[in-house]
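Coordinates in review
If you want the building blocks of each chain, they are given just below.
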Amino acid sequence: MRIPHIAIVAVLLLFARCQANAAPQPNCSGMPLVEVPSLQALPNEINTFLHRDRDVEIASRGEWFNPGDVGEGPHRRFAIAGLNADCAIVAIEHGGRGYSVEIFIFEHKDWGWLGRRDGVMWAVPETLEDLVAHRANGVVYY
C-alpha cells in the first residue's frame, strides 16, 4: 500500500524540480510594446531569425499571399508585431492545410536578440493588444 504513495510523491517531486529548472519565459510585460508596422521596421536579427529555416518569403502586412499548400507566391504573411527595448512579439500568418498564425517571441540580451517560436493562434489578431491578450490567455504552446 505504501509503494504507490511513494511513487506518486516521487513523480510530483520530479515534476516540481523540472518546473523549477525551466527557463523563464519572457512575457513582454515590463515596458509597453510599440506596434511595428512591417518586418523591415524590426531589428535585423529578428528578420534573420524569421527567415532562417529556409529561404522563406514573407509578404508584408495586407499584401497578397498564398494561403494554400501549392502554387507560387509567399506562403507566409506578416500580421503584426510589438517591440520595446527588451522584448518583441511577432505574429506571422502561415498558409497551408494547417493554416495558423505563428507567434514568435524575442528577448534582447547583451549579445543580441534571442528568439523562438512561442505558439499559434487560429485567427489574425486585429491589434497588438489582441496579440498580447491572446498570448497571455491561452495561446497554444509548442
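Attention in this report is confined to the structure presented alongside it. (Residues numbered from 1 in each chain as written. Predicted model: local features only at pLDDT ≥ 70, side-chain atom pairs only at ≥ 80, totals over all residues. Heavy atoms only, no water.)

A look at the pairing of strand 3 (residues 76–83)
Most of strand 3 sits out of view: eight of its eight residues are buried. The pairing of strand 1 (residues 34–36) with strand 3 spans three bridges and is classified as antiparallel. From the neighbouring strand, V36 faces strand 3, where its bridge partner is A81. Looking at chain direction, strand 2 (residues 58–59) and strand 3 are connected through two bridges and run parallel. When the bridges of strand 3 are listed, A59 appears paired with R77. The sheet contact formed by strand 3 and strand 4 (residues 87–94) spans seven bridges and is antiparallel. Considered in strand 4, the bridge of G82 is made with I89. Hairpin connection of strand 3 to strand 4: three residues between the antiparallel strands. (Buried < 20%, exposed > 50% of the residue type's maximum accessible area, 1.4 Å probe, protein only. Helix = DSSP H or I, 4+ residues; strand = E, 2+ residues; numbered from the N terminus. Pairing = 2+ DSSP bridges.)

Things to note about the nonpolar core
Residues L42, I46, L50, F78, V90 and F106 are the most contacted members of the largest nonpolar core, which totals 17 residues. Secondary structure elements with two or more residues in this core: helix 2 (44–50), strand 3, strand 4 and strand 5 (100–109). Discounting chain neighbours no more than four positions away, the residues touching L42 are V36, N47, F78, A81 and V90. Counting residues in hydrophobic clusters, the runner-up holds 13 residues, among them A79, I80, I89 and L131. (Core = buried A, V, L, I, M, F, W, Y, C linked by side-chain atoms within 4.5 Å. Contact = heavy atoms within 4.5 Å.)

Details of helix 3 (residues 128–136)
Burial in helix 3 covers these residues: L128, L131 and R135. Relative to the axis of helix 3, the buried residues are bounded by an arc of 60° and lie together on one face. Residues of helix 3 that are exposed and angled more than 90 degrees away from the buried face: E129 and A136. Considering only its buried residues, helix 3 is in contact with strand 1, strand 3, strand 4, strand 5 and strand 6 (112–121). (Arc of directions from axis to C-beta.)

Describing the pattern of salt bridges
What the rule picks out here adds up to six salt bridges. With a closest N to O distance of 3.0 Å, R61 and E35 form a salt bridge. Of this pair, R61 sits in the loop between strand 2 and strand 3 while E35 sits in strand 1, and the two are 26 residues apart along the sequence. Its relative accessible area of 40% is what places E35 among the partly exposed residues. A salt bridge links E102 to R76; its shortest N-O distance comes to 3.7 Å. (Salt bridge = Lys/Arg side-chain N within 4 Å of Asp/Glu carboxyl O.)

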